[in-house]
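An overview of the molecular structure
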Amino acid sequence: METLQVLVCDDEPGMRMSVARALRDFTFTASDVNAEVRLETDVAETGEEAVKKIDAAPPHILLLDHKLPGISGLDVLEHIASKKIDMLTIMITAYASIETAVRATRQGAYDFLAKPFTPAELKNAVRKAAEHVIVAQHARKLAREKRQVRFQFISVLAHELKAPLGAIEGYMQLLRDGSAGDDPEVYRQIIERCMTRTAYMRKMILDLLDLTRIESGQKKREFVEVDVVASARTAIETATPDAQPRNIEMRLLADHPVRMRADAGEIEIILNNLVSNAVKYNRDGGSVEVKIAESEDTVIISVSDTGIGMSEEECAKLFNDFVRIKNRKTRDILGSGLGLSIVKKLAHAYGGDATVASRPDIGSTFTVTLKKAFIPTGTMLDS
């Protein structure tokens, strides 16, 4: 429940009390943000008293009489404007003129309510102002969250890139200074290590591009009939050069083509991430099993490995951005921490999900479900 503060400034005691009584139990739903709203009302008899209360604790909405003893309602408006106080003012007056309305609007008045008015007219005017306040509050909150997310994103990215850049810089200094000696094998190893870290950074950049295109809705999507089994076969062929030197066996289990309407590139991203991870986090001499199945309305992609596995706590945070399971078994395995996050987002875009079941030192099974009945649209945001 959102609570907004309302200050009523009017020199007529009956008017102040009538407005406060009408708004006392007034609650409503701000439809634009689906928030329940209630009002807390305070009163001021003069413009001077209103200014004092505004300076002490600005309300969200001010119901302000034009004609007041001492300083006028327009003087109060001028004070609010000079202090740049964030609030909405509804002028209430029986003597409104075009000149007054223009001046009040220039000084920041949000709306006008002509005396005499009914409780329904009062509530309608206050509700309109309150919804404006609530929407503005939510917009500011989203902007703050966006800035925080951007800061966290850049901080993590800088941290992830600092280590490989530092390693490459160190290796390059060895080559520059000639301190690595004269053994060509040492130089070959240095170059290999630099290439490995360069490949890691390139993979991170490509994953970042995929992620930002997906989340921003800028990724162009072309929907065609895709044979998921054929895409799985291609993913296995792509991962085979990394699997063969470690004697990791790759198997595809599928009795027949499994077709669905999808963006072929997105299906490739899902399968490439799952299969490459199954090889990367496997043990030498292990195996990877890729199973493609279907039900009446769902395509099921399952990738199992005989690798290092994970605990329940590690599995619970695995699909978040930049999450990599770091322990003594994974410390030498490079990765961006974005691949599985992308898989999860793509699965959701097809009305499905991505899950994992894993046991330490035994292996993991990743399962992605995609809805055949998903109605494709032009961008990820439309999905």
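Whatever comes next refers back to the structure up there.
First, a word on what this report is: a plain description of the structure on this page. All residue numbers refer to position in the chain's written sequence, counted from 1. Local features are withheld for residues below a pLDDT of 70 in this predicted model, meaning they are given only at 70 or higher, and side-chain atom pairs are given and counted only at 80 or more; totals for whole chains, interfaces and linings count all residues. Excluded from the side-chain calculations are hydrogens and water; all other atoms, namely the structure's heavy atoms, are used.

**What to know about the sheet that holds strand 3 (residues 35-44)**
Where strands meet in a sheet, backbone hydrogen bonds hold them as pairs that are either parallel or antiparallel. At least two bridges found by DSSP between two strands are what make those strands a pair. Secondary structure elements are defined from DSSP: runs of H or I of at least 4 residues count as helices, runs of E of at least 2 residues count as strands, and each element is numbered from the N terminus. The sheet built from six strands is open, its strands ordered 2-3-1-4-5-6 with mixed pairing. Two strands bound the open sheet, and with one partner strand each, they are strand 2 (27-30) and strand 6 (109-114). On average, each strand axis in the sheet is tilted by 30° relative to the strand beside it, whichever way the strands run. Most of the contacts of helix 3 (residues 73-83) go to strand 4 (residues 61-65), to which it runs at about 150°, and overall it touches strand 4, strand 5 (88-93) and strand 6. Axis definition: a line fitted to C-alpha atoms, over the contacting stretch in the case of helices. Angles run 0 to 180 degrees between N-to-C directions. Residue contacts follow a heavy-atom distance rule, with two residues in contact if any of their heavy atoms lie within 4.5 Å.

**Here's the deal with the nonpolar core**
We define a nonpolar core as any set of buried Ala, Val, Leu, Ile, Met, Phe, Trp, Tyr and Cys residues linked to one another through side-chain atoms lying within 4.5 Å. Relative accessible area decides the class of each residue, using a 1.4 Å probe on protein chains only: under 20% of the type maximum gives buried, over 50% gives exposed, and in between gives partly exposed. Among the nonpolar cores identified, the biggest contains 43 residues, and Leu274, Ile292, Ile301, Val368 and Leu370 are the most heavily contacted of them. Elements with a minimum of two residues in this core: strand 7 (223-227), helix 7 (228-243), strand 9 (259-263), helix 8 (264-280), strand 10 (287-294), strand 11 (298-305), helix 10 (339-349) and strand 13 (363-371). For this core, the element with the highest residue contribution is helix 8, accounting for eight residues. Setting aside residues no more than four positions away along its own chain, Ile301 makes contact with Val228, Ile270, Leu271, Leu274, Lys291, Ile292, Phe366, Thr367, Val368 and Leu370. In terms of nonpolar packing, the next biggest core, distinct from the first, is built from 26 residues, Phe28, Ile61, Ala125 and Ala130 among them.

**A short note on the packing of helix 2 (residues 47-56) against helix 3**
Axis separation between helix 2 and helix 3 bottoms out at 10 Å; the angle between their running directions is 20°. Considered as vectors, helix 2 and helix 3 are oriented roughly parallel to each other. You can see that helix 2 and helix 3 cross each other, and the crossing is right-handed. Across the interface between the two elements, Gly47, Val51, Ile54 and Asp55 of helix 2 pack against Val76, His79 and Ile80 of helix 3. Under this grouping Gly is polar, as are all residues other than the nonpolar Ala, Val, Leu, Ile, Met, Phe, Trp, Tyr, Cys and Pro and the charged Asp, Glu, Lys and Arg. The residue makeup of the contact of helix 2 with helix 3, split by class, is four nonpolar, two polar and one charged. For classification, angles of less than 35 degrees are called roughly parallel, those exceeding 145 degrees roughly antiparallel, those between 65 and 115 degrees roughly perpendicular, and all remaining angles oblique. Whether a crossing is left-handed or right-handed is set by the direction in which the near helix is turned from the far one by less than a right angle, anticlockwise for left-handed and clockwise for right-handed.

By themselves, these are just geometric observations and shouldn't be taken as functional.
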